[in-house]
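Now for the letters of each chain:
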Amino acid sequence: MANPVLNDRALAQASNNWAAPEPSTDYFPPVSDGPRSPYVRETMTVNGVISATATLFVLLLASATFGWLSTGAPEEVLFTDGTVGYQNTIPMLAWGGLIVGIGLTFLLMFKPHLAKFIAPIYAIAEGFFVGAISRAYENVYDGLVVQAAGMTLAVFAVMLVLYRTGVIRVTERFRKIVVTATIGVMVFYGVSMLISLFGGSVSFLSSPSLLGIGFSVLVAGLAAFNLALDFDFIEKGSKQGLDKNFEWFAAFGLLVTIIWLYLELLRLLAKLRER
């Protein structure tokens, strides 16, 4: 799933509501009498986002462990053509976690001030689904999950280095291209889900054909470029002095992108195993 949270619209909205006030040019003499308030306003920092993201990942991994353990071995089934095969059974709770995760994502788009409470719930709900779907892939392709997780970490590290060294610059044109392509993929996935509800399918989505593999490479690359947008968003937010609670909002958006990247890599590697 693409990341609809960390975007310029959200940053502008947050700046209006949570950013530090502009310094006044008027002079007011200091008040010399009465007690002084010890309150000091804390602002968003990159280190704070890292801490919040780490917390969400701990919750995600813990929930993913339960999702993994709840998904058993594939069951033997008899197909209509008389052949025998195996079919994975993903717990209904995992699909519920996916639906809850999507719902919370849209909720946080309109209620960013609730990120500190919503983000942990999202990590737990989505983590159960990620664990269950990972076990289902692992049942068929041994060692696939470790490869996908390793590739996700590698892509994250490479994109961070490219962004920090200035090799990738998030210009307005770059942002428009990535956002437009991301929206296109989201719409396509939504249409394919509707088709599947009516008994149809978009065959190349799971097919190991060159078209199917090429599409997965394209979408995984798009998810990687979304990481650059996330890094840019976090950097701008910290420089603008947003409220410290905004760290959870940024961490949530980053988690959404990383989960999306991992799932796309998982699908891509599965297709490559079938070649």
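Report on the accompanying structure. Everything numeric here is computed off the predicted structure, so don't read it as measured data.

Now for helix 2 (residues 46–70). Helical periodicity: at 3.6 residues per turn, an α-helix aligns residues three or four positions apart in one direction. Helix length check: helix 2 (25 residues) gives 36 Å between terminal C-alpha atoms against 36 Å at 1.5 Å per residue, within 8%. Buried residues of helix 2: Gly48, Val49, Ala52, Thr53, Leu56, Leu60, Ser63, Ala64 and Gly67, and no others.

A cluster of nonpolar side chains, namely Val179, Ile183, Val187, Val191 and Ile195, defines an oily patch on the protein surface of about 370 Å² accessible area. Inspection of the secondary structure puts isoleucine 183 in helix 6 (residues 172–197).

Our next topic: the packing of helix 6 against helix 7 (residues 210–239). The interhelical angle for the contact between helix 6 and helix 7, taken along N-to-C directions, is 130°, at an axis separation of 10 Å. When the interaxial angle is binned, helix 6 and helix 7 end up oblique. In the crossing of helix 6 with helix 7, the sense of the turn from one axis to the other is left-handed. Contacts from Phe174, Arg175, Val178, Val179, Ala181, Thr182, Val185, Phe188 and Tyr189 in helix 6 reach Phe215, Val219, Leu222, Phe225, Asn226, Ala228, Leu229, Asp232 and Lys236 in helix 7. Counted by class, the contact of helix 6 with helix 7 contains 13 nonpolar, 2 polar and 3 charged residues.

Attention shifts here to the environment of threonine 71. Within the fold, threonine 71 resides in the loop between helix 2 and strand 1 (75–78). Classification of threonine 71 by relative accessible area gives buried; the value is 0%. Once residues lying within four places of it in the same chain are set aside, the contact partners of threonine 71 are Thr89, Pro91, Ala132, Arg135 and Ala136. Of the polar contacts made by the side chain of threonine 71, one reaches the backbone oxygen of glycine 67; its length is 3.0 Å.

Let us look at the packing of helix 5 (residues 144–164) against helix 8 (residues 246–273). As a packed pair, helix 5 and helix 8 sit with axes 9 Å apart at the nearest point and diverge in direction by 130°. In terms of orientation, helix 5 lies oblique with respect to helix 8. Judged by the twist between their axes, the crossing of helix 5 over helix 8 is right-handed. Along the contact surface, helix 5 presents Leu144, Val145, Gln147, Ala148, Ala149, Met151, Thr152, Val155 and Phe156, while helix 8 presents Leu254, Ile258, Leu261, Tyr262, Leu265, Leu266, Leu269, Ala270 and Arg273. In terms of residue class, the contact of helix 5 with helix 8 is made up of 15 nonpolar, 2 polar and 1 charged.

A separate point is helix 6. The first and last C-alpha atoms of helix 6 sit 38 Å apart over 26 residues, in line with the 38 Å expected at 1.5 Å per residue. By the burial criterion, the buried members of helix 6 are Phe174, Arg175, Val178, Thr182, Val185, Tyr189 and Ser192. Looking one or two places after helix 6, you find glycine 199, whose phi comes out positive at around 90°.

Okay, the pattern of salt bridges next. Overall, the coordinates contain 5 salt bridges when judged by the stated rule. In this structure, the salt-bridge partner of aspartate 232 is arginine 175, at a minimum N-O distance of 2.8 Å. Taken as a pair, aspartate 232 in helix 7 and arginine 175 in helix 6 lie far apart in primary sequence, 57 residues in all. The same class applies to aspartate 232 as to arginine 175, namely buried. A salt bridge links lysine 244 to glutamate 247; its shortest N-O distance comes to 3.2 Å. Judged by its relative accessible area of 5%, glutamate 247 falls in the buried class. Each of Glu172, Arg175, Asp232 and Lys236 takes part in a single network of salt bridges with overlapping partners.

Positionally, phenylalanine 225 belongs in helix 7. Relative accessible area serves as the criterion here: at 36%, phenylalanine 225 is assigned to the partly exposed category. Separated by 46 residues in sequence, phenylalanine 225 and valine 179 place their C-alpha atoms 9.7 Å apart. Beyond its immediate chain neighbours, meaning those up to four positions away, phenylalanine 225 contacts Met159, Ile168, Phe174 and Val178.

For the rest of this paragraph, the subject is the packing of aromatic side chains. Tallied over the full model, the rule gives 10 aromatic pairs. The interplanar angle of 85° and the centroid separation of 5.5 Å between the aromatic rings of phenylalanine 156 and phenylalanine 231 together place this pair among those described as edge-to-face. With phenylalanine 156 in helix 5 and phenylalanine 231 in helix 7, the pair connects residues that are 75 residues apart, well separated along the chain. On the basis of relative accessibility, which here comes to 9%, the residue phenylalanine 231 falls in the buried class. Seen in terms of ring centroids, phenylalanine 246 and phenylalanine 249 are 5.0 Å apart; in terms of plane orientation they differ by 40°. Their pairing is tilted. With phenylalanine 246 and phenylalanine 249 both in helix 8 and 3 residues apart, this pair spans about one turn of that helix. Residue phenylalanine 246 is classed as buried on the basis of its relative accessible area, which comes to 0%.

Criteria and thresholds
- Residues numbered from 1 in each chain as written.
- Predicted model: local features only at pLDDT ≥ 70, side-chain atom pairs only at ≥ 80, totals over all residues.
- Heavy atoms only, no water.
- Helix = DSSP H or I, 4+ residues; strand = E, 2+ residues; numbered from the N terminus.
- Expected span 1.5 Å × (residues − 1).
- Buried < 20%, exposed > 50% of the residue type's maximum accessible area, 1.4 Å probe, protein only.
- Patch = residues over 30% accessible without salt bridge, like charges linked within 9 Å, V, L, I, M, F, W, Y side chains within 5 Å.
- Areas by Shrake-Rupley, 256 points an atom, 1.4 Å probe, with all protein chains shown as cover.
- Salt bridge = Lys/Arg side-chain N within 4 Å of Asp/Glu carboxyl O.
- Axes fitted to C-alpha atoms, helices over the stretch in contact; angles between N-to-C directions.
- Parallel < 35°, antiparallel > 145°, perpendicular 65-115°, else oblique.
- Left-handed = near helix turned anticlockwise from the far one by under 90°.
- Contact = heavy atoms within 4.5 Å.
- Nonpolar A, V, L, I, M, F, W, Y, C, P; charged D, E, K, R; others polar.
- Polar contact = N/O pair within 3.5 Å; in protein donor to acceptor, adjacent residues only side chain to side chain.
- Phe/Tyr/Trp six-rings, centres within 6.5 Å; stacked < 30°, edge-to-face > 60°.

These values are about where atoms sit, not about what they do.
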